[in-house]
Amino acid sequence: MSAGAATADAARGMTIREFFDGVREGRLVVQRCEACGALAVPPKAVCPSCESIRWGRTTLDGDGEITSYTVIRVPPAQFAAEAPYVVAVARMTEGVSFLGRLTGTPIDGVQVGMPVRFVGSSTNADPPVIAFRPR
Ligand SMILES: [Zn+2]
(Lines give C-alpha, C1' and ligand atoms only; values in the text may rest on other atoms or scores of the structure.)
Protein backbone atom coordinates (compact mmCIF):
# COMPACT_ATOMS: atom_id res chain seq x y z
CA MET A 1 0.00 0.00 0.00
CA SER A 2 1.34 3.44 -0.88
CA ALA A 3 1.53 6.21 1.68
CA GLY A 4 -1.17 8.05 -0.24
CA ALA A 5 -3.59 5.13 0.03
CA ALA A 6 -2.90 4.80 3.76
CA THR A 7 -3.66 8.48 4.27
CA ALA A 8 -6.91 8.25 2.34
CA ASP A 9 -7.95 5.21 4.34
CA ALA A 10 -7.21 6.90 7.66
CA ALA A 11 -9.16 10.02 6.69
CA ARG A 12 -12.43 8.35 5.78
CA GLY A 13 -15.41 8.26 8.10
CA MET A 14 -16.13 5.20 10.15
CA THR A 15 -19.13 2.98 9.45
CA ILE A 16 -21.51 1.74 12.09
CA ARG A 17 -20.49 -1.78 10.99
CA GLU A 18 -16.87 -1.06 11.98
CA PHE A 19 -18.11 0.20 15.35
CA PHE A 20 -20.19 -2.95 15.93
CA ASP A 21 -17.28 -5.19 14.90
CA GLY A 22 -15.20 -3.48 17.59
CA VAL A 23 -17.91 -3.98 20.22
CA ARG A 24 -18.14 -7.67 19.32
CA GLU A 25 -14.37 -7.96 19.77
CA GLY A 26 -14.48 -6.14 23.12
CA ARG A 27 -13.20 -2.76 21.94
CA LEU A 28 -14.88 0.66 21.87
CA VAL A 29 -13.40 2.13 18.70
CA VAL A 30 -14.71 5.59 17.79
CA GLN A 31 -14.00 8.28 15.26
CA ARG A 32 -11.54 10.99 16.28
CA CYS A 33 -11.28 14.21 14.30
CA GLU A 34 -7.76 14.60 12.95
CA ALA A 35 -8.07 18.41 12.97
CA CYS A 36 -9.43 19.15 16.46
CA GLY A 37 -9.47 15.82 18.32
CA ALA A 38 -13.24 15.72 18.88
CA LEU A 39 -14.78 12.25 19.23
CA ALA A 40 -17.86 11.41 17.15
CA VAL A 41 -20.39 8.95 18.57
CA PRO A 42 -22.18 7.74 16.50
CA PRO A 43 -19.88 8.06 13.47
CA LYS A 44 -20.36 11.26 11.45
CA ALA A 45 -19.28 12.50 8.02
CA VAL A 46 -18.43 16.03 9.16
CA CYS A 47 -16.91 17.03 12.51
CA PRO A 48 -19.58 18.90 14.50
CA SER A 49 -16.86 20.93 16.26
CA CYS A 50 -14.69 22.14 13.35
CA GLU A 51 -16.35 20.85 10.13
CA SER A 52 -13.31 18.78 9.14
CA ILE A 53 -13.94 15.60 7.16
CA ARG A 54 -10.62 13.99 8.13
CA TRP A 55 -11.25 11.21 10.62
CA GLY A 56 -8.98 8.85 12.46
CA ARG A 57 -9.85 6.15 14.98
CA THR A 58 -9.20 5.81 18.67
CA THR A 59 -9.91 3.00 21.12
CA LEU A 60 -11.44 4.17 24.39
CA ASP A 61 -10.05 2.78 27.64
CA GLY A 62 -13.45 1.32 28.55
CA ASP A 63 -14.00 3.04 31.91
CA GLY A 64 -17.00 5.24 32.57
CA GLU A 65 -19.83 5.96 34.97
CA ILE A 66 -23.59 5.62 34.88
CA THR A 67 -25.36 8.92 34.18
CA SER A 68 -28.88 7.53 33.70
CA TYR A 69 -30.58 4.14 33.72
CA THR A 70 -33.90 2.37 33.54
CA VAL A 71 -35.13 -1.13 34.33
CA ILE A 72 -36.66 -2.97 31.38
CA ARG A 73 -39.44 -5.22 32.60
CA VAL A 74 -41.34 -5.52 29.30
CA PRO A 75 -38.58 -6.16 26.73
CA PRO A 76 -38.54 -6.69 22.99
CA ALA A 77 -39.36 -10.32 22.14
CA GLN A 78 -35.72 -11.24 21.45
CA PHE A 79 -34.73 -10.32 25.04
CA ALA A 80 -37.82 -11.71 26.80
CA ALA A 81 -35.88 -14.38 28.67
CA GLU A 82 -33.46 -11.80 30.10
CA ALA A 83 -35.98 -9.41 31.71
CA PRO A 84 -35.90 -7.63 34.00
CA TYR A 85 -32.60 -5.99 33.08
CA VAL A 86 -30.95 -2.57 33.27
CA VAL A 87 -30.31 -0.31 30.28
CA ALA A 88 -27.98 2.53 31.18
CA VAL A 89 -26.22 5.53 29.71
CA ALA A 90 -22.53 5.47 30.61
CA ARG A 91 -20.29 8.50 30.11
CA MET A 92 -16.80 7.30 29.34
CA THR A 93 -13.60 8.84 30.72
CA GLU A 94 -13.04 10.46 27.29
CA GLY A 95 -16.39 12.30 27.54
CA VAL A 96 -18.60 10.44 25.08
CA SER A 97 -21.64 8.43 26.18
CA PHE A 98 -23.12 5.10 25.17
CA LEU A 99 -26.44 3.40 25.78
CA GLY A 100 -25.93 -0.19 26.83
CA ARG A 101 -26.85 -3.07 29.07
CA LEU A 102 -25.62 -3.07 32.67
CA THR A 103 -24.78 -6.62 33.73
CA GLY A 104 -23.18 -8.27 36.72
CA THR A 105 -25.07 -6.40 39.43
CA PRO A 106 -28.45 -6.70 41.16
CA ILE A 107 -31.01 -4.27 39.73
CA ASP A 108 -31.65 -2.67 43.12
CA GLY A 109 -27.94 -1.87 43.52
CA VAL A 110 -27.68 0.34 40.44
CA GLN A 111 -27.02 4.05 41.03
CA VAL A 112 -26.24 7.14 38.99
CA GLY A 113 -22.51 7.74 39.36
CA MET A 114 -21.69 4.01 39.59
CA PRO A 115 -18.27 3.35 38.01
CA VAL A 116 -18.53 0.83 35.18
CA ARG A 117 -16.34 -0.82 32.60
CA PHE A 118 -17.21 -1.73 29.03
CA VAL A 119 -17.06 -5.52 28.64
CA GLY A 120 -18.06 -6.12 25.00
CA SER A 121 -21.44 -7.36 23.82
CA SER A 122 -24.06 -8.90 26.12
CA THR A 123 -25.38 -11.02 23.26
CA ASN A 124 -24.22 -12.92 20.18
CA ALA A 125 -27.03 -11.24 18.23
CA ASP A 126 -26.36 -8.87 15.35
CA PRO A 127 -26.07 -6.00 15.98
CA PRO A 128 -24.24 -6.53 19.28
CA VAL A 129 -25.49 -4.93 22.50
CA ILE A 130 -22.93 -2.77 24.33
CA ALA A 131 -22.48 -4.15 27.85
CA PHE A 132 -21.05 -2.64 31.03
CA ARG A 133 -20.24 -4.13 34.42
CA PRO A 134 -19.54 -2.36 37.71
CA ARG A 135 -15.83 -1.88 38.40
ZN1 LIG B 1 -12.92 18.55 14.41
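Here the structure is a predicted model, which means the values were calculated and not measured. (Residues numbered from 1 in each chain as written. Predicted model: local features only at pLDDT ≥ 70, side-chain atom pairs only at ≥ 80, totals over all residues.)

## Examining the domain arrangement of the protein chain
When its domains are assigned, the protein chain resolves into domain 1 (3-59) and domain 2 (63-134). Look at where the C-alpha atoms of domain 1 and domain 2 centre, and you get two points 24 Å apart. Taken together, the contact pairs 8 residues of domain 1 with 10 residues of domain 2. It is helix α2 (residues 16-24) that contributes the most residues to the side of domain 1 that touches domain 2, 3 residues altogether. Counted by class, the side of domain 1 that touches domain 2 contains 6 nonpolar, 1 polar and 1 charged residues. (Domains from an automatic or database assignment. Contact = placed C-beta atoms within 7 Å. Helix = DSSP H or I, 4+ residues; strand = E, 2+ residues; numbered from the N terminus. Nonpolar A, V, L, I, M, F, W, Y, C, P; charged D, E, K, R; others polar.)

## So, the nonpolar core
Grouped together as the largest cluster of nonpolar side chains are 20 residues, with contacts concentrated most on Leu28, Ala88, Ala90, Val116, Ile130 and Phe132. Looking at this core, the elements with two or more residues in it are α2, β1 (29-33), β5 (85-92), β7 (115-121) and β8 (130-134). When residues are assigned to domains, this core turns out to be shared by domain 1 (3-59) and domain 2 (63-134), each giving three or more. The residues touching Leu28, leaving out its near neighbours within four places in the chain, are Gly22, Val23, Thr59, Leu60, Gly62 and Phe118. (Core = buried A, V, L, I, M, F, W, Y, C linked by C-beta atoms within 7 Å. Buried ≥ 20, exposed ≤ 12 C-beta atoms within 10 Å, placed from the backbone.)

## Here's the deal with the sheet that holds β8
Around the barrel, 5 strands lie side by side as β4-β5-β6-β8-β7; this closed barrel has mixed pairing. Pairwise comparison of adjacent strand axes, ignoring direction, gives a mean angle of 50° for this sheet. (Pairing = 2+ DSSP bridges. Axes fitted to C-alpha atoms, helices over the stretch in contact; angles between N-to-C directions.)

## Concerning the pairing of β7
Side chains on a regular strand alternate between the two faces of the sheet. Bridge count between strand β4 (residues 63-72) and β7: 3 bridges; the pairing is antiparallel. When the sheet's bridge partners are listed, Gly64 is paired in β7 with Val116.

## Side note on the sheet that holds strand β3 (residues 55-59)
Working definition: the strands of a sheet are paired by backbone hydrogen bonds and lie parallel or antiparallel to each other. Ordered in space as β2-β1-β3, the 3 strands form an open sheet in which the pairing is antiparallel. Each edge of the open sheet carries a strand with a single partner, namely β2 (39-40) and β3. Where β1 lies against β3, 5 bridges are found, and the strand directions are antiparallel. Counted as the bridge partner of Val30 is Thr58 from β3.

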